[in-house]
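Reading the structure
Read off the chains here:
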Amino acid sequence: SESGMLVLKVKRDDYGDTPVGTVTLVYNLQQALPTLKYTPNYVETGVVLGGSITETGTLKNSGLTALKDINLSLLDSNGQVMTEAHPESQWIGIMTSAEIDTLEVGDSAAVRLQIQPPENAAEGIYQYQLRVQSSNHPTRHINVFVYITQSGIGHALFHFSDIYTGYSVKGNQP
């Protein structure tokens, strides 16, 4: 990176060529880089055995130069790339192109995951990662959590807070 310092003389019309002060500007120039943003920052979904669901996320380049040679792949819970030989690759996969040549500054690309477990799959929580690699950006991993049930009925836990008055429910005491 290039760095340096500029000293600027401040002049006023009524002082002629005599400076009234100086301003020092220190600078550091760096190479323009892409910046990968992804939404949502993780995927959490559920599906019944024998059912099907599609989840869509967005990759966006909010950097200062094009993001190049993007490659998408799914990793299993052990961090291994899911090839066609992987048993779960038959029911979870990337539906969009796994290769994107270039994502220009400000451009976005949708990434769709198709999840369709067979009737004989084991119920449970499955964890994956969508790996996003590029030739000019660090590799990123997006967590994917899939809940598979027979009934499609799950559980929810809610936590409520009174952020306005600071009083609890019991006896209106802080």
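The following refers to the structure shown. (Residues numbered from 1 in each chain as written. Predicted model: local features only at pLDDT ≥ 70, side-chain atom pairs only at ≥ 80, totals over all residues. Heavy atoms only, no water.)

Right, let's get into the sheet that holds strand 8 (residues 99-103). Strand pairing in a sheet relies on backbone hydrogen bonds. The paired strands run either parallel or antiparallel. Pairing in this open sheet of 5 strands is mixed, and the strands run 4-11-10-6-8 from one edge to the other. In this open sheet, the two edge strands, each paired with only one partner strand, are strand 4 (42-48) and strand 8. Going from strand to strand, the sheet's axes swing by 25 degrees on average, the running direction of each strand aside. The sheet contact formed by strand 6 (residues 67-75) and strand 10 (residues 124-134) spans 5 bridges and is antiparallel. Bridged to leucine 74 within strand 10 is leucine 130. (Pairing = 2+ DSSP bridges. Helix = DSSP H or I, 4+ residues; strand = E, 2+ residues; numbered from the N terminus. Axes fitted to C-alpha atoms, helices over the stretch in contact; angles between N-to-C directions.)

Summed over all chains, the structure comprises 2 aromatic pairs. Considering the side-chain rings of tyrosine 42 and phenylalanine 145, the 6.4 Å spacing of their centres and the 75 degrees angle between planes classify their relative orientation as edge-to-face. A residue pair is termed long-range when its members are at least 10 positions apart, and tyrosine 42 in strand 4 and phenylalanine 145 in strand 11 (residues 137-149) qualify at 103 residues. Relative to tyrosine 126, the ring of tryptophan 91 lies with its centre 5.2 Å away and its plane at 85 degrees, an arrangement referred to as edge-to-face. Here tryptophan 91, found in the loop between strand 6 and strand 7 (92-94), pairs with tyrosine 126, found in strand 10; they are 35 residues apart in sequence, far enough to count as distant. Accessibility expressed as a relative area gives 8% for tryptophan 91, which makes it buried. (Phe/Tyr/Trp six-rings, centres within 6.5 Å; stacked < 30°, edge-to-face > 60°. Buried < 20%, exposed > 50% of the residue type's maximum accessible area, 1.4 Å probe, protein only.)

Attention now moves to a nonpolar patch on the surface. Together, Leu6, Leu8, Val10, Tyr15, Val20, Val23, Leu25, Tyr27 and Leu29 make up an exposed nonpolar region whose accessible area comes to about 750 Å². Elements supplying a minimum of two residues to the nonpolar patch: strand 1 (2-10) and strand 2 (21-29). Considering each element in turn, the nonpolar patch owes the most residues, 4 residues, to strand 2. Positionally, tyrosine 15 belongs in the loop between strand 1 and strand 2. (Patch = residues over 30% accessible without salt bridge, like charges linked within 9 Å, V, L, I, M, F, W, Y side chains within 5 Å. Areas by Shrake-Rupley, 256 points an atom, 1.4 Å probe, with all protein chains shown as cover. Salt bridge = Lys/Arg side-chain N within 4 Å of Asp/Glu carboxyl O.)

What follows covers the pairing of strand 5 (residues 53-61). Judged from the 4 bridges that link them, strand 3 (residues 36-39) and strand 5 form a sheet pairing that is antiparallel. When the sheet's bridge partners are listed, threonine 39 is paired in strand 5 with threonine 58.

For the rest of this paragraph, the subject is the environment of proline 138. Take proline 138: it is sitting in strand 11. Looking at proline 138, the relative accessible area reads 49%, which means it is partly exposed. Spatially, the C-alpha atoms of proline 138 and leucine 36 are 9.0 Å apart, while their sequence positions differ by 102 residues.

What follows covers unusual backbone geometry. Cis peptide bonds are those with omega within 30 degrees of zero, and the linkage from threonine 39 to proline 40 qualifies with -10 degrees. By secondary structure assignment, the location of proline 40 is in the loop between strand 3 and strand 4. Backbone geometry at aspartate 69 places phi at a positive 50 degrees, although glycine is not the residue there. Locating aspartate 69 in the fold gives a position in strand 6. Overall, aspartate 69 belongs to the partly exposed group, its relative accessible area being 48%.

The biggest cluster of nonpolar side chains holds 15 residues, and the ones touching the most others in it are Trp91, Ile92, Tyr128, Val146 and Ile148. Those elements that provide at least two residues to this core are strand 4, strand 9 (108-115), strand 10 and strand 11. When residues of this core are assigned to their parent elements, the largest contribution, 3 residues, is made by strand 11. Among all residues touching isoleucine 148, those that are not within four sequence positions of it are Val47, Leu49, Trp91, Pro117, Ala122, Glu123, Gly124 and Tyr126. Counting 12 residues, the second-largest nonpolar core is a separate cluster that includes Leu36, Leu59, Leu103 and Val111. (Core = buried A, V, L, I, M, F, W, Y, C linked by side-chain atoms within 4.5 Å. Contact = heavy atoms within 4.5 Å.)

Strand order in this open sheet of 4 strands is 3-5-9-7, and the pairing throughout is antiparallel. A strand with exactly one partner marks an edge of an open sheet, and here the two such strands are strand 3 and strand 7. Between one strand axis and the next, the sheet turns through 20 degrees on average, direction left out of account. Here strand 5 pairs with strand 9 via 8 bridges, running antiparallel. Bridging across to strand 9, glycine 57 finds its partner in valine 111.

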